[in-house]
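Next come the chains, spelled out residue by residue.
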2 protein chains.
Amino acid sequence: ILLLYIQKKTFGVGGNTIHLVTVSACMRLACHRSRNNIRQAKIVKGRSINLALSHRGRQALKQVGMEDTIVSKGIPMHSRMIHSLNGTQYPIPYGKKGQVTLLLQPAETYSNTKLNFAHKLLNWSTETGAMTFLRADGAKEEIQADLIVGCDGAFSAIRKQFLRQSRFNFSQTYIPHGYLELTMPPINGEFAMKPNYLHIWPRNTFMMIALPNLDKTFTCTLFMPFDEFENVTTGDQVIEFFQKYFPDAIPLIGADALKRDYFRLPAQAMVSVKCSPYHLSDKCVLMGDAAHAVVPFYGQGMNAGFEDCLVFNEIMDQLNEDFSAVLPEYTRVRVPDDHAIADLAMYNYVEMRSHVNSKWFLFRKYIDNFLHIIMPRTIIPLYTMVTFTRTRYHEAVKRWHWQDKVRNDIVTRRACWPWHCLKFSDLASLMTCHFFNKEN
Amino acid sequence: ILLLYIQKKTFGVGGNTIHLVTVSACMRLACHRSRNNIRQAKIVKGRSINLALSHRGRQALKQVGMEDTIVSKGIPMHSRMIHSLNGTQYPIPYGKKGQVTLLLQPAETYSNTKLNFAHKLLNWSTETGAMTFLRADGAKEEIQADLIVGCDGAFSAIRKQFLRQSRFNFSQTYIPHGYLELTMPPINGEFAMKPNYLHIWPRNTFMMIALPNLDKTFTCTLFMPFDEFENVTTGDQVIEFFQKYFPDAIPLIGADALKRDYFRLPAQAMVSVKCSPYHLSDKCVLMGDAAHAVVPFYGQGMNAGFEDCLVFNEIMDQLNEDFSAVLPEYTRVRVPDDHAIADLAMYNYVEMRSHVNSKWFLFRKYIDNFLHIIMPRTIIPLYTMVTFTRTRYHEAVKRWHWQDKVRNDIVTRRACWPWHCLKFSDLASLMTCHFFNKEN
């Protein structure tokens, strides 16, 4: 367990004030460094280190002057690429041109932060903020924290104390699907498929995705219900299964590698965690997966965690870094947004598996994008709001429901065009659009 | 913590087979005995021991031959009694005549069961079923259980082991309301208000209820958001508050007692717990509040717990008491029903506070009861299905949504009468009804 903590004295030194967001964001990156070490022993952990970085995450990095460093190490993704059963491929763009999602590789350590790896938290006091760690050398270390920021993941050790308090709301929901990772090697030193795409093989109750890595490999992730994983027990069954559902992937992964790698690790579980409040007295606050583990189907896990830091930093500025006021406000502001993204990721879990395949989904997508072009301020696709803006997650959801109603009225009931909903800026673009049509 | 466990050897002895439901139901009653002891020190715990017993609970008791014993110690409730702000009262019946809910007082201990009070569970092994208890005398006791039945309440110690397993779904949700109990003494040796009613003072964001006890007192329970409890801090403020919202209750409770008792205990929290699965290997199964703590707004907490036993017993019979088959089947069958009653109790939490007061609620209630009279097999009010039948909870909810749609069509859109939905038995009763109308 990697525990992240901040001692106030470390971030006000020498006139060079470093805000909490700095420390937290760095710590998260440190967290990734730790995962990078794990990657060398990938067999043990079997965890994907492909993380999608988009607008929210970039804004947080920008705030601490690290955006460029990180972005230069990423691979931009412009679009989804859908693989049909018959081997044909077609792209579904994420949003408008120029909107890209980045795959983040581990970053450098930021200065002014003390990192302590391999410190296992044994206990902490909600009253005094005293923490006891077990070090790798077997010695115990006690520290006194001014503020404990628990960013220790979905199975947070910090959060356990919260569960002992009254009136702490908590839920953990496992989805029926597990995941399994396979590697697709380069062909003649080049990517085996088009990079800059999130490759998706949607097959109703299950699906496979593939994400590019800097070393020209792809990490393929197969998502499937646990009971279906149990039906495939021999190498021949694996080939048979792929032949049936992902025939185009067999030569790319390699039949022998497929037979071998499929059984390297059992399928891994995925959990969605929601809780509230995020703070305990003025001593402790939860951020990132510790506060809101999400299923990995919206590519927002890391972005939401980074945005936590940004929101916390904004509130720190507003309330003059007074923890007793900042912490409750952080809970008040952030809980509805994190709950919304957890729900959206769960919703996308269903959508990615089945709807991506359906004509109705594609038609709605087409209508949404069309409406977005003619009314760019009024109709904004949900994915765009979530991935390429800082619209609060819960407001994006509210707006999406409203837009859905408007679009469905237009599509299914041929209702009156909702002119009264138009904003002035949209009117202008609508007129341009009209003019443009006339000219052509 | 009171832990309930069953050793297989104790229920097959001497040719006198006692089914699990027997033991569990008794154990639950033993649980209540324990609460009875707590009642003598009521100030410490502040817990209501008024429990509503209705059809499902009675069916479980009947199965073990204890229905009459228990029912004779209860006070039948025929109806709700609504107290308006201006002091007027009017009843809203629960269902048809003769359908009553009972308030259960503690029962005798059933034979053939060994009860161990004041045994605190320290640990148990999911592999061997070995359990370690701390006794009141400070000694540790180890036992070997064939099956551990965790009925140890909303904060179950048994359930903690489940949380350590992967893929255990769990949620605990605290509602914003707390509750506080007050006693309404008898007047001239008689009940201060009409007994046989659940008295309700609905006041939108908060409410008070009163339930009769065998000693002719009423236990009044005030449900209110925690922040509003915090606004009332002095005896005078209590009187002012009651004067404003519950004026008719002041003389019945007594102003002095009210000022004193209001501050005896802080407001208590209420939690809703849902989880899945209910079993862990073939060693352990959760029942009652340990599996599904519900908020106390449907009067089904104990009934759902007793029905757990009944369902378990039915599955035991079906599957020849083979735990490795019975336990997964119990999870499969029971989880959707317990989740449904937890959701319904939460729904009623909203309804009891505000809708009971509204004309629309009363009108719908009237229509539902009317439809129920003319189509007794087709339209059954939700409360009736839940409280007076053994319709599976999740099926009751499904049917309720369907009925709601039908009724709303009738009321709001004046749609065609859904003749095609009528069952034959309803046609008969409809014809009788028609005939009856003609004659009169």
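Residues numbered from 1 in each chain as written. Chains lettered and ligands numbered in written order. Predicted model: local features only at pLDDT ≥ 70, side-chain atom pairs only at ≥ 80, totals over all residues. Heavy atoms only, no water.

Identification of chain A as Kynurenine 3-monooxygenase from Salmo trutta is taken from an unreviewed UniProt entry. Regarding chain A, the UniProt comment filed under Cofactor (unreviewed entry) reads as follows: "FAD". (UniProt positions renumbered as here; feature names shortened; annotations may be inferred.)

With that settled, the discussion passes to the pattern of salt bridges. All names here are of chain A. For the coordinates displayed, the defined rule picks out 32 salt bridges over all chains. Residues Glu 329 and Arg 332 are paired through a salt bridge, measuring 2.9 Å at the closest nitrogen-oxygen approach. Here Arg 332 and Glu 329 lie together in helix H12 (residues 323-353), a separation of three residues that amounts to about one turn. Salt bridges here are not isolated pairs; linked through shared partners, they connect Arg 56, Glu 307, Asp 308, Glu 314, Arg 334, Asp 338 and Arg 390. (Salt bridge = Lys/Arg side-chain N within 4 Å of Asp/Glu carboxyl O. Helix = DSSP H or I, 4+ residues; strand = E, 2+ residues; numbered from the N terminus.)

Here the focus is the relation of the copies chain A and chain B. Under the fitted operation, chain A is carried onto chain B by 0.1 Å of movement along the axis and a turn of 180°, and the coordinates agree to an RMSD of 0.0 Å. Between the two chains, the operation in question is that of a two-fold axis. If distances are taken from each C-alpha of chain A to the rotation axis, the shortest is found for Ser 171 of chain A, at 1.9 Å. (Least-squares fit on C-alpha atoms with pLDDT ≥ 70 in both.)

Bringing the sheet that holds strand S8 (residues 140-144) of chain A into the picture now. Residues and elements named next belong to chain A. The antiparallel open sheet is built from three strands, whose spatial order is S6-S7-S8. Each edge of the open sheet is held by one strand with a lone partner, namely strand S6 (120-124) and S8. The sheet shows a mean angle of 25° between the axes of neighbouring strands, taken without regard to direction. Examined bridge by bridge, S6 and strand S7 (residues 130-134) share four bridges and lie antiparallel to one another. Across the sheet, residue Lys 120 finds its bridge partner in S7, namely Leu 134. (Pairing = 2+ DSSP bridges. Axes fitted to C-alpha atoms, helices over the stretch in contact; angles between N-to-C directions.)

Note on aromatic pairs: each is described by the distance of the centres and the angle between the planes. With the rule as written, the count across this model stands at 41 aromatic pairs over all chains. When the ring of Tyr 298 of chain A is compared with that of Tyr 383 of chain A, the centres are 5.4 Å apart and the planes differ by 15°; the resulting orientation is stacked. Note that Tyr 298 of chain A is positioned in the loop between helix H10 (289-292) and helix H11 (301-318) and Tyr 383 of chain A in helix H14 (residues 382-388), a separation of 85 residues in sequence. The exposure class of Tyr 298 of chain A is buried, given its relative accessible area of 6%. Between Phe 206 of chain B and Phe 246 of chain B, the ring centres sit 6.1 Å apart and the planes meet at 75°, which makes this aromatic pair edge-to-face. One end of the pair, Phe 206 of chain B, is in strand S12 (residues 206-212); the other, Phe 246 of chain B, is in the loop between helix H7 (235-245) and helix H8 (249-253), with 40 residues separating them in the sequence. (Phe/Tyr/Trp six-rings, centres within 6.5 Å; stacked < 30°, edge-to-face > 60°. Buried < 20%, exposed > 50% of the residue type's maximum accessible area, 1.4 Å probe, protein only.)

Quick look at the interface of chain A and chain B now. With 13 residues of chain A in contact, the opposing surface of chain B contributes 13 residues. Here chain A meets chain B over a buried area of about 1,200 Å², counting both sides, of which 46% is carbon and sulfur. Together, Arg 167, Gln 172 and Tyr 174 of chain A form the three largest contributors to the area buried by chain A at its contact with chain B, with a combined 48%. One can count zero salt bridges joining chain A with chain B. Linking chain A with chain B are six residue pairs in polar contact (both at pLDDT 80 or more), by the criterion used here. Broken down by element, the residue count for the side of chain A that touches chain B peaks at seven residues, all from strand S10 (residues 169-184) of chain A. Its residues assigned to classes, the side of chain A that touches chain B shows seven nonpolar, five polar and one charged. (Contact = heavy atoms within 4.5 Å. Buried area = accessible area lost by both parts, 1.4 Å probe. Polar contact = N/O pair within 3.5 Å; in protein donor to acceptor, adjacent residues only side chain to side chain. Nonpolar A, V, L, I, M, F, W, Y, C, P; charged D, E, K, R; others polar.)

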